[in-house]
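Single-letter residue listing:
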Amino acid sequence: MLQTPYYLLKEEKLEENLKLLEYIQEQSGAKILLALKGFAFTSSFDLVSKYLQGCCASGLYEAKLAYEEFKKEVHTYSPAFKENEIDEILSISNHIIFNSFNQWQKYKEKALKADVSIGLRINPEVSASPKEIYNPCGLNSRLGITKKEFKPELLREVDGFHFHALCEQGSDELELVLNAFEKNFGEYLHELKWINFGGGHHITKDGYHVKKLIKLIKDFKNKYDVKVYLEPGEAVGWESGVLVAKVLDIVDNGMQIAILDTSAEAHMPDTIIMPYRSEVEGAKKAGVNPYTYQLAGNTCLAGDIMGNYSFKSPLKIGDEIIFKDQIHYTIVKNTTFNGIKLPNLVIERKDGTKELVKEFGYEEYKRRV
Ligand SMILES: *Cc1c(COP(=O)(O)O)cnc(C)c1O
């Protein structure tokens, strides 16, 4: 028996996402990287690395994980690189992307000596991000070089530009960003070898306009004669698995409240930060089915609540509660807040067998506090 709570990654679902990404690579000629920020389930890398070209990392640790575990291309960007880390980063990265001309000049000598392709992150200053916290092009953003700060005289050894402006968005929004990017920086693009379109492309979501993405990439590649990279995180892990928890107790305070052996705060952080409401298998919105419960976490944070859900029959202590689509941006963000146990990691293989690949315990909590 698997001990709850655990994340269950479904290999078949993950591979469906990867096959779509592979199709886009084939049709458009773009190279697609995995953004570790959103999905770093290392036990699945054997599968992911069959389809994607490498990883995009945001600093030394992600770069090392990419280098050691994914073993393909490593593209490293950081808002600011540290002096005591830059040598190692340069030694394991295929691309390095600087966030400012300051950083580029500071590490120029080292970067030119390393076997690495050099890029700059550009802020296209256009985006339609759903929430300000996820908007890299918002007011006073530190992420990327704006047109005002741009210094064309320092481009000589630069091979590529990178932008990241989207969050869970479609190809229409990408087109808007590309238009602004070309308008402000188009005159420099012919001299470059590559352009990285960043992440935030909601490619694997139903209804995403894949054909339009392919056309945008192809047209862009032809116009400027550059390689194009995409680096989605969420789209790789999208709907590829669930978080399985158990009902520990049911109390009543104006309504029935089920206390689970998981935590919204620690194990499903975006449900609180974004915020959004996770779907629960077999449950509907409050009041739709006859038995409504508040589902809540096993911590002392009053607001550690997943939401109100209704079920066809009454919940019992020991019942499993399955939160859908909980693989991306969860495992990489989990905490041991309040001493709560990190969920174990389980993979459901294509033949249906479930394999426990990582087990967490008291040590994770103790080492960190
Ligand atoms: C977060 C991030 C990504 C991945 O974004 P998704 O929304 O998960 O696709 C890619 N590149 C950069 C620079 C990022 O910050």
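Everything below is about the structure printed above this text.
The present account deals with the structure reproduced in this document.

Parameters at a glance
Residues numbered from 1 in each chain as written. Predicted model: local features only at pLDDT ≥ 70, side-chain atom pairs only at ≥ 80, totals over all residues. Heavy atoms only, no water. Near = heavy atom within 4 Å. Polar contact = N/O pair within 3.5 Å; in protein donor to acceptor, adjacent residues only side chain to side chain. Areas by Shrake-Rupley, 256 points an atom, 1.4 Å probe, with all protein chains shown as cover. Nonpolar A, V, L, I, M, F, W, Y, C, P; charged D, E, K, R; others polar. Helix = DSSP H or I, 4+ residues; strand = E, 2+ residues; numbered from the N terminus. Expected span 1.5 Å × (residues − 1). Bend = angle between axes of the 7 residues up to and from the residue. Buried < 20%, exposed > 50% of the residue type's maximum accessible area, 1.4 Å probe, protein only. Contact = heavy atoms within 4.5 Å. Core = buried A, V, L, I, M, F, W, Y, C linked by side-chain atoms within 4.5 Å. Domains from an automatic or database assignment. Pairing = 2+ DSSP bridges. Axes fitted to C-alpha atoms, helices over the stretch in contact; angles between N-to-C directions. Salt bridge = Lys/Arg side-chain N within 4 Å of Asp/Glu carboxyl O.

## As for the site of the ligand
Within the structure, the ligand sits among Ala-35, Lys-37, Arg-121, His-162, His-164, Gly-199, Gly-200, Glu-231, Pro-232, Gly-233, Glu-234 and Tyr-329. Contacts to the ligand include Gly-200, whose backbone N or O atom sits 2.8 Å from an oxygen atom. Residue Tyr-329 places a side-chain N or O atom 2.7 Å away from an oxygen atom belonging to the ligand. In isolation the ligand has 390 Å² of accessible area, and contact with the protein removes 92% of it. Residues belonging to the shell around the ligand are distributed by class as follows: three nonpolar, five polar and four charged.

## Details of helix 7 (residues 171–189)
For helix 7, spanning 19 residues, the distance from its first C-alpha to its last is only 21 Å, which falls clearly below the expected 27 Å at 1.5 Å a residue. Remark: the principal bend of helix 7, roughly 60°, maps to Lys-183. Listing the buried residues of helix 7 in full gives Ser-171, Leu-174, Val-177, Leu-178, Ala-180, Phe-181, Glu-182, Asn-184, Phe-185, Gly-186, Tyr-188 and Leu-189. At its buried positions, helix 7 is contacted by strand 7 (160–162), strand 8 (194–196) and helix 8 (210–224).

## Quick word on the nonpolar core
Counting residues in hydrophobic clusters, the biggest one holds 92 residues, and the most contacted among them are Phe-161 and Leu-295. Two domains each put at least three residues into this core: domain 1 (12–237) and domain 2 (241–326 + 334–368). Ignoring any residue separated from it by four or fewer positions in sequence, one finds Leu-295 in contact with Ala-258, Leu-260, Val-280, Ile-305, Met-306, Gly-307, Tyr-309, Phe-311, Leu-315, Ile-321 and Phe-323.

## Some words on the sheet that holds strand 7
Ordered in space as 2-3-4-5-6-7-8-9, the eight strands form a closed barrel in which the pairing is parallel. In this sheet, neighbouring strand axes are inclined to one another by 25° on average, regardless of whether the strands run parallel or antiparallel.

## Quick word on the pattern of salt bridges
Inspection of the entire model under this criterion finds 16 salt bridges. Across the pair Asp-159 and Lys-193 runs a salt bridge, and its minimum N-O distance is 3.1 Å. Of the two residues, Asp-159 sits in the loop between strand 6 (117–121) and strand 7 while Lys-193 sits in the loop between helix 7 and strand 8, which places them 34 residues apart along the sequence. A residue is classified by how much of its surface remains accessible, and Asp-159, at 14% relative accessible area, is buried. Overall, Lys-193 belongs to the exposed group, its relative accessible area being 54%. Within the structure, one salt-bridge network assembled from shared partners comprises Glu-11, Arg-349 and Glu-355.

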